[in-house]
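# Survey of secondary and tertiary structure
This is what each chain is made of:
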Amino acid sequence: CGNGIVQAETICVVGVGYVGLIQAVGLASFGLKVKCVDLDACKIEMLKKGVPPIFEEGLDEALKETIARGLITFTTDIAAAADADLFFVAVGTPTSERTGNARLDYLDAAVSDIAAVAPQDAVIVVKSTVPIGTCAGLQARLDRDHPAKRLQIVSNPEFLREGTALKDFFNPERIVIGGAGESARERVRRSYAAFEERGVPMILTDTSTSETIKYAANAFLATKVTFINEISDLVETVGGDIDQVARGIGLDSRIGPQFLKAGPGYGGSCFPKDTLALATIGRRHGVQQQIVETVIRINDSRRFHILKRIESAVGDKLAGKRIAVLGLAFKANTDDVRDSPAVDLVHALLEEGADVRSFDPVARLAVDHRSYRQCDSIAAACEGASAVLVATEWAEFKSFDFAAVEALVARRYIFDMRRIVDVTADWVPRWDIERIGSPLMRASL
Ligand code: NAD
């Protein structure tokens, strides 16, 4: 195999969603043979044909190439992977409405399925984000139910970002491997040998530490986002330029420039769920995570304040007004709409009786409502709109010439929740423009 990786193990990836598919295609791109298992027959059929069920830059080509090289296969039947000795599990761990913690039913089912077919001494690597103590619990269960197989659980949390997932897979900033036994950890470490040779830091630790690293990392990033959002509210009132404030503090290497972009609040499938889980875990253990709890409260209320702001901009009543929402994905370069601020906004606007038209270059919403239409162009979404909301930071919204829709809108008003609209453009003086972090710029022409 190329790139310094030696195929020491037969690899299986269970759950090929945003994380599992990238892991599988990434490992296969290194020349490793990977078998992929997922319960979703539709997904597996698409993948067999080389069609990615998700949108990720470079995935289409990488998938087709690894299939053509015979390095990756797809099945719904775990028994087809019975010869594997390293099982990466990347099934979902969504929030439990009842407890606020991460649901473990998919993981429990996947581990049971693996244990039933896995050979002796196989290693089960948990890539899913799981509450602290989960891997230790799984290990105890395997030791009790399958003692003769000597199966081992290893925690190996994932840090990729949707939108740059493949790039992140090939350029990790660290790899965390947690396990009770040295031998299992070493076997997982070997599958990442190419990265270690390149000097990527490896953190070899116990499972609890590994699980905590993942939650602490996401909670810290969510806190950073929430912090700059509060500062942006202040700047909006007292004056100043929030982008320069962010740059001014981000250049301090103790702070760093990332996750300092004022916006509508964090969303997506990870930050909301992981902050909530961490807060729940803290309370359960009597160690309240007060910062994280405050961050969750501030972030939740932010969406309500944004709605109020739009309401007052269009004249208090949204009922019957047409609103254009540009962007549905929770961030640019992904089709993921889970817990997206834009999607919450669409729902809130519909509840207020607005007539909503949206446009997103790739994301689609499974919403069927008589006052909601998904359009195939920015212009179609803007037709008759009393407000144009920029909800996702797609590049094509940044560079869009809004002069092209001036004659189509009912009112020239943009609410830029992402601060991406070029406020130096020629058309800007003819529009009222409101941006998070800045006072309203009234049309002057
Ligand atoms: P996803 O919903 O996109 O994919 C999960 C997949 O698992 C689905 O295809 C589902 O059909 C499959 N599945 C469920 N139960 C199964 C079973 N018993 N056997 C086989 N397949 C099964 O989820 P995701 O976004 O890839 O996230 C997976 C995990 O990784 C979560 O714990 C998440 O918190 C974590 N994570 C996600 C990201 C991200 O950016 N999406 C980043 C880091 C960590």
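Given the structure is predicted, the values throughout are model-derived calculations rather than measurements.

Turning next to the overall build of the chain. Tallying secondary structure elements over the chain gives 15 helices and 15 strands in all. In summary, the chain has a C-alpha radius of gyration of 24 Å against a globular reference of 22 Å for 445 residues, a match within 12%. Expressed as lengths along the three principal axes of its C-alpha atoms, the size of the chain is roughly 75 × 50 × 40 Å. When each of the 445 residues of the chain is scored for burial, the buried share is 46%.

The next point concerns the sheet that holds strand β10 (residues 355-359). Spatially, seven strands are ordered β11-β10-β9-β12-β13-β14-β15 in an open sheet, and the strand pairing comes out mixed. At either margin of the open sheet sits one strand with a lone partner, and together these are β11 (372-374) and β15 (438-441). When the angles between neighbouring strand axes are averaged without regard to direction, this sheet yields 15°. Relative to β11, β10 runs parallel, the two being bridged by three bridges. Residue pairing in the sheet places arginine 357 in a bridge with arginine 373 of β11. Contacting β12 (387-390), β13 (413-416) and β14 (432-435), helix α12 (residues 290-314) crosses the sheet at an angle of about 155° to β12.

A few words now on the nonpolar core. By size, the foremost hydrophobic cluster in this structure holds 124 residues, and its most contacted members are Phe87, Val89, Ile124, Leu326 and Leu389. In terms of residues, this core owes the most to one element, helix α1 (residues 18-29), which gives eight residues. Apart from residues lying up to four places away in sequence, phenylalanine 87 is in contact with Cys12, Val14, Ile114, Ala118, Ala122, Ile124 and Val125.

Here we take up the environment of isoleucine 132. Mapped onto the elements of the fold, isoleucine 132 is located in the loop between β5 (123-126) and α5 (134-145). When the C-alpha positions of isoleucine 132 and threonine 212 are compared, they lie 6.1 Å apart, and in sequence the two are 80 residues distant. Sequence-distant contacts of isoleucine 132, that is, excluding residues within four places in its chain, are made with Ser208, Glu211, Thr212 and Ile281.

In this section: the UniProt feature "binding site: substrate" (unreviewed entry) in the chain. Under the local residue numbering, the UniProt record ascribes the feature "binding site: substrate" (unreviewed entry) to Phe159, Leu160, Arg161, Glu162, Lys214, Phe259, Leu260, Lys261, Ala262, Gly263, Gly267 and Lys331. These annotated residues cover 173 residues of sequence, and their C-alpha atoms reach 23.7 Å apart at the extremes, leaving them scattered rather than at a single site. Tracing the chain through its elements places glutamate 162 in the loop between β6 (152-155) and α6 (165-170). Residues in contact with glutamate 162, not counting those within four places in the same chain, are Tyr18, Thr334 and Asp336. Summarising the element assignment, leucine 260 is placed in the loop between α10 (242-250) and α11 (271-284). You can call leucine 260 buried: it has 22 C-beta atoms within 10 Å.

What follows is about the site of the ligand. Not every one of the 28 residues close to the ligand is listed here, only the nearest: Gly15, Gly17, Val19, Ser128 and Thr129. Of all the elements in the fold, those that place two or more residues in the shell around the ligand are α1 and α4 (105-117). With four residues, α4 is the single largest residue contributor to the shell around the ligand. Of the residues belonging to the shell around the ligand, the class tally is 13 nonpolar, eight polar and seven charged.

Quick look at the UniProt feature "domain: UDP-glucose/GDP-mannose dehydrogenase C-terminal" (unreviewed entry) in the chain now. Under the feature "domain: UDP-glucose/GDP-mannose dehydrogenase C-terminal" (unreviewed entry), the UniProt entry names residues 324-423. Secondary structure within residues 324-423 divides into 20% helix and 19% strand; the distance between the first and last C-alpha atoms comes to 19 Å.

Segmenting the chain into domains produces domain 1 (11-202), domain 2 (215-297) and domain 3 (302-441). Each of domain 1 and domain 3 has a C-alpha centre, and these two points are 37 Å apart. Domain 1 puts six residues into the contact, and the matching count from domain 3 is seven residues. Tallied by class, the residues present in the side of domain 1 that touches domain 3 amount to three nonpolar, one polar and two charged.

With that settled, the discussion passes to the confidence of the model for the chain. Low pLDDT means the predicted coordinates in that region are not meant to be read closely. Mean pLDDT over the chain stands at 96; residues scoring 70 or higher make up 98%. Reported for the predicted complex are a pTM of 0.96 and an ipTM of 0.99.

Let us look at the environment of aspartate 274. Within the secondary structure, aspartate 274 is located in helix α11. For aspartate 274, a count of 25 C-beta atoms within 10 Å corresponds to the buried category. Sequence-distant contacts of aspartate 274, defined by excluding residues within four places in its chain, comprise Thr129, Tyr215, Asn218 and Ala219.

About the cut-offs
- Residues numbered from 1 in each chain as written.
- Predicted model: local features only at pLDDT ≥ 70, side-chain atom pairs only at ≥ 80, totals over all residues.
- Helix = DSSP H or I, 4+ residues; strand = E, 2+ residues; numbered from the N terminus.
- Rg over C-alpha atoms; globule rule 2.2 N^0.38 Å.
- Buried ≥ 20, exposed ≤ 12 C-beta atoms within 10 Å, placed from the backbone.
- Pairing = 2+ DSSP bridges.
- Axes fitted to C-alpha atoms, helices over the stretch in contact; angles between N-to-C directions.
- Contact = placed C-beta atoms within 7 Å.
- Core = buried A, V, L, I, M, F, W, Y, C linked by C-beta atoms within 7 Å.
- UniProt positions renumbered as here; feature names shortened; annotations may be inferred.
- Near = placed C-beta within 6 Å.
- Nonpolar A, V, L, I, M, F, W, Y, C, P; charged D, E, K, R; others polar.
- Domains from an automatic or database assignment.
- pLDDT = per-residue confidence, 0-100.

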